[in-house]
Amino acid sequence: MIKRFQARARAVKARGIPPVEGPERQRFIQQAKDDYMDFAMLGDANASLEDGILVFRIDLRPN
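Rules of the game
Residues numbered from 1 in each chain as written. Predicted model: local features only at pLDDT ≥ 70, side-chain atom pairs only at ≥ 80, totals over all residues. Heavy atoms only, no water. Helix = DSSP H or I, 4+ residues; strand = E, 2+ residues; numbered from the N terminus. Expected span 1.5 Å × (residues − 1). Buried < 20%, exposed > 50% of the residue type's maximum accessible area, 1.4 Å probe, protein only. Arc of directions from axis to C-beta. Contact = heavy atoms within 4.5 Å. Salt bridge = Lys/Arg side-chain N within 4 Å of Asp/Glu carboxyl O.

**Student:** Just give me the short version of helix α1 (residues 2-14), but keep the residues and values in it.
**Tutor:** With 13 residues, α1 extends 19 Å between its outermost C-alpha atoms, agreeing within 8% with the 18 Å of an ideal straight helix rising 1.5 Å per residue. Residues I2, F5, A9 and V12 constitute the buried set of α1. The buried residues of α1 occupy an angular sector of 85° when the element is viewed end-on, so they sit on one face. Facing away from the buried side of α1, by more than 90 degrees, are the exposed residues K3, R4, R10 and A14. Looking at the packing, one finds that the buried side of α1 touches α2 (23-43), β1 (46-50) and β2 (53-57).

**Student:** Quick one: what's the story with the pattern of salt bridges, residue by residue and with numbers?
**Tutor:** One pass over the full model with this rule turns up 4 salt bridges. R57 serves as the salt-bridge partner of E50, at 3.0 Å between the closest nitrogen and oxygen. Residue class for R57 comes out partly exposed when judged on its relative accessible area of 48%. Among the salt bridges present, the one from D59 reaches R61, with a minimum N-O distance of 2.8 Å.

Set out below in C-alpha coordinates:
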(Lines give C-alpha, C1' and ligand atoms only; values in the text may rest on other atoms or scores of the structure.)
Protein backbone atom coordinates (compact mmCIF):
# COMPACT_ATOMS: atom_id res chain seq x y z
CA MET A 1 0.00 0.00 0.00
CA ILE A 2 2.87 2.38 0.82
CA LYS A 3 4.35 1.76 -2.63
CA ARG A 4 0.99 2.65 -4.21
CA PHE A 5 0.93 5.99 -2.39
CA GLN A 6 4.52 6.65 -3.48
CA ALA A 7 3.56 5.87 -7.09
CA ARG A 8 0.48 8.12 -6.87
CA ALA A 9 2.61 10.99 -5.53
CA ARG A 10 5.01 10.59 -8.46
CA ALA A 11 2.08 10.47 -10.91
CA VAL A 12 0.56 13.67 -9.52
CA LYS A 13 3.95 15.40 -9.69
CA ALA A 14 4.36 14.38 -13.37
CA ARG A 15 0.75 15.17 -14.36
CA GLY A 16 0.37 17.94 -16.89
CA ILE A 17 -2.03 20.86 -16.65
CA PRO A 18 -5.00 20.65 -19.01
CA PRO A 19 -5.73 23.58 -21.31
CA VAL A 20 -7.99 25.49 -18.93
CA GLU A 21 -7.78 29.14 -17.99
CA GLY A 22 -8.71 31.49 -15.20
CA PRO A 23 -10.07 30.29 -11.87
CA GLU A 24 -10.42 26.69 -13.11
CA ARG A 25 -6.69 26.56 -13.81
CA GLN A 26 -5.86 27.80 -10.32
CA ARG A 27 -8.24 25.25 -8.75
CA PHE A 28 -6.63 22.45 -10.77
CA ILE A 29 -3.13 23.52 -9.70
CA GLN A 30 -4.16 23.75 -6.04
CA GLN A 31 -5.83 20.33 -6.16
CA ALA A 32 -2.66 18.82 -7.67
CA LYS A 33 -0.57 20.34 -4.84
CA ASP A 34 -2.98 18.97 -2.22
CA ASP A 35 -3.04 15.52 -3.86
CA TYR A 36 0.75 15.40 -4.00
CA MET A 37 1.10 16.39 -0.34
CA ASP A 38 -1.44 13.76 0.78
CA PHE A 39 0.06 10.93 -1.28
CA ALA A 40 3.65 11.88 -0.40
CA MET A 41 2.89 11.93 3.33
CA LEU A 42 1.25 8.51 3.19
CA GLY A 43 4.07 7.24 0.97
CA ASP A 44 6.58 8.23 3.67
CA ALA A 45 4.53 6.68 6.49
CA ASN A 46 5.33 3.54 8.44
CA ALA A 47 2.39 1.17 8.20
CA SER A 48 1.48 -1.56 10.65
CA LEU A 49 -1.47 -3.78 11.43
CA GLU A 50 -2.44 -3.49 15.10
CA ASP A 51 -5.30 -5.65 16.35
CA GLY A 52 -6.78 -5.75 12.85
CA ILE A 53 -6.48 -1.97 12.34
CA LEU A 54 -4.20 -0.54 9.66
CA VAL A 55 -2.13 2.21 11.28
CA PHE A 56 -0.07 4.79 9.40
CA ARG A 57 2.56 6.60 11.47
CA ILE A 58 3.81 9.88 10.04
CA ASP A 59 6.51 11.81 11.89
CA LEU A 60 5.56 15.49 11.60
CA ARG A 61 8.26 16.74 13.95
CA PRO A 62 10.68 19.26 12.42
CA ASN A 63 14.16 17.95 11.59
